[in-house]
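Next come the chains, spelled out residue by residue.
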Amino acid sequence: MSAGEYKEKLNKTGNPAIDYAKSVISGKTVACEFVKHSCRRFLSDLMREDIYFDLKAAKKALKFIELQRHTKGEWKGELFIIQPWQKFIVYNIFGFYKREGIRRFTKAYIEVPKKNGKSPLAAAIANYFFYESLHEAPELFSVATELGQARIAWQYSYDMLKSFTAEYEISDEFNFS
């Protein structure tokens, strides 16, 4: 890939993960070294020949997640609004594919401080995995250092999915627009 093609790819609009990564790397968005490294890797991965970024797949996952609703607390019943750092995570997980059409990332480790929405985000991501794998008898697991914490994330997932399926019909033809 030429330098011109590289610049063109990075300057594409419509990809909030690129915008977030550039903001972190430039210092506009404050982040730790691990996040800065993830952002540099993301931008570098866009140029690799052995994998590709499927913007449509990433947008589909994000749209599904944003159609889910909070199930408790002050935002109960409100749509799940994804912050830029969360979009970066979703785009990484669901956007990159190996040339064979297999998703590049099948596991993700997400570490953020308390009260930043880890459990609802993990539940929303798990629910998309569930939706995406309907014909493969999907299994969802919630793992934590304590059973009570694992139960919280599982309960979010269950409640979000229950609310979602009451509002939308899930099928092969599910239309997100």
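Report on the accompanying structure. Since we're looking at a predicted model, the values are computed, not measured.

## Let's talk about the side chain of Asn127
Point 1. As for its placement among the helices and strands, Asn127 is situated in helix H6 (residues 118-132).
Point 2. Exposure remark for Asn127: the relative accessible area of 0% places this residue in the buried category.

## Section: the nonpolar core
Point 1. Grouped together as the largest cluster of nonpolar side chains are 37 residues, with contacts concentrated most on Phe42, Leu46 and Ile125.
Point 2. Mapped onto this core, the elements with two or more residues apiece are helix H2 (16-26), helix H3 (33-45), strand E1 (51-53), helix H4 (55-66), helix H5 (84-95), H6 and helix H7 (147-167).
Point 3. Residues in contact with Ile125, not counting those within four places in the same chain, are Ile65, Ile89, Val90, Ile93, Phe94 and Ile110.

## Quick look at unusual backbone geometry
Glycine aside, residues mostly have negative phi angles, and peptide bonds mostly take the trans form.
Point 1. The backbone of Lys115 sits at a positive phi, close to 65 degrees, despite the residue not being glycine.
Point 2. Mapping Lys115 onto the fold places it in the loop between strand E2 (96-98) and H6.
Point 3. Given the relative accessible area of 84%, Lys115 is considered exposed.

## A word on the pattern of salt bridges
Point 1. Counting across every chain of the model gives seven salt bridges.
Point 2. The closest approach of N and O atoms between Arg48 and Asp45, which form a salt bridge, is 3.5 Å.
Point 3. Through salt bridges with shared partners, one network takes in Arg41, Asp45, Arg48, Asp50 and Arg104.

## Here's the deal with the state of the cysteines
Point 1. Applying the stated criterion across every chain yields a total of zero disulfides.
Point 2. No disulfide involves Cys39; its sulfur sits 9.5 Å from that of Cys32, the nearest cysteine.

## Here's the deal with the environment of Lys87
Point 1. Topologically, Lys87 is positioned in helix H5.
Point 2. Using a relative accessible area of 23% as the deciding quantity, one classes Lys87 as partly exposed.
Point 3. Taking the C-alpha atoms as reference points, Lys87 and Ala61, separated by 26 residues in sequence, lie 9.8 Å from one another.
Point 4. Beyond its immediate stretch of four places on either side in the chain, Lys87 contacts Pro16, Leu62, Glu66 and Ile82.

## Let's talk about the packing of H5 against H6
Point 1. At a closest axis distance of 12 Å, the pairing of H5 and H6 adopts a crossing angle of 25 degrees. Taken together, the axes of H5 and H6 lie roughly parallel to each other. Once H5 is placed against H6, the crossing between them reads as right-handed. Only Leu121, Ile125, Tyr128, Phe129 and Glu132 of H6 make contact with H5, whose side of the interface consists of Trp85, Gln86, Ile89, Val90, Ile93 and Phe94.
Point 2. Its residues assigned to classes, the contact of H5 with H6 comprises nine nonpolar, one polar and one charged.

## Some words on the layout of surface pockets
Point 1. Looking at the largest pocket, its volume works out to about 1,100 Å³.
Point 2. If you go around the largest pocket, you meet 34 residues; those closest to its centre are Ala108, Ala122, Phe141, Ser142 and Val143.
Point 3. Of all the elements in the fold, those that place two or more residues in the lining of the largest pocket are H6 and H7.
Point 4. Looking at the lining of the largest pocket element by element, the count peaks at ten residues for H6.
Point 5. In the lining of the largest pocket, the residues fall into 22 nonpolar, seven polar and five charged.

How each quantity is defined
For every chain, the first residue of the written sequence is number 1, and numbering continues from 1 along that sequence. Thresholds applied to this predicted model are a pLDDT of at least 70 for local features of residues and 80 or more for the giving and counting of side-chain atom pairs; totals over whole chains, interfaces and linings are not thresholded and use all residues. The side-chain figures draw on all heavy atoms in the structure; neither hydrogens nor water molecules are used. Counting from the N terminus, the helices are DSSP H or I runs at least four residues long and the strands are E runs at least two residues long. Burial here depends on accessible area, computed with a 1.4 Å probe over protein chains only, as a share of the maximum for the residue type. Under 20% is buried, over 50% is exposed, and the range in between is partly exposed. Among buried residues, the Ala, Val, Leu, Ile, Met, Phe, Trp, Tyr and Cys ones that are joined through side-chain atoms within 4.5 Å form a nonpolar core. Should any heavy atoms of two residues lie within 4.5 Å, those residues are counted as being in contact. By definition, a salt bridge exists where a carboxyl oxygen of Asp or Glu is found within 4 Å of a side-chain nitrogen of Lys or Arg. Disulfides are defined as pairs of cysteine sulfur atoms found within 2.5 Å of each other. The convention used is that axes are lines fitted to C-alpha atoms, helices contributing only their stretch in contact, and that angles between N-to-C directions extend from 0 to 180 degrees. Throughout this description, any angle smaller than 35 degrees is read as roughly parallel, any larger than 145 degrees as roughly antiparallel, any in the 65 to 115 degree range as roughly perpendicular, and the remainder as oblique. What makes a crossing left-handed is the near helix being turned counterclockwise from the far one by less than a right angle; a clockwise turn instead makes it right-handed. Note on residue categories: nonpolar means Ala, Val, Leu, Ile, Met, Phe, Trp, Tyr, Cys or Pro, charged means Asp, Glu, Lys or Arg, and polar means any other residue, Gly included. The pocket and cavity definitions rest on a 1 Å grid over protein atoms only: a 1.4 Å probe that fits but cannot leave marks a cavity, an open set with protein on both sides within 12 Å along at least five of seven lines marks a pocket, and residues lining either have an atom within 4 Å of a point. Grid points are joined across faces, edges and corners, and a volume is the space filled by probe spheres set on the points.

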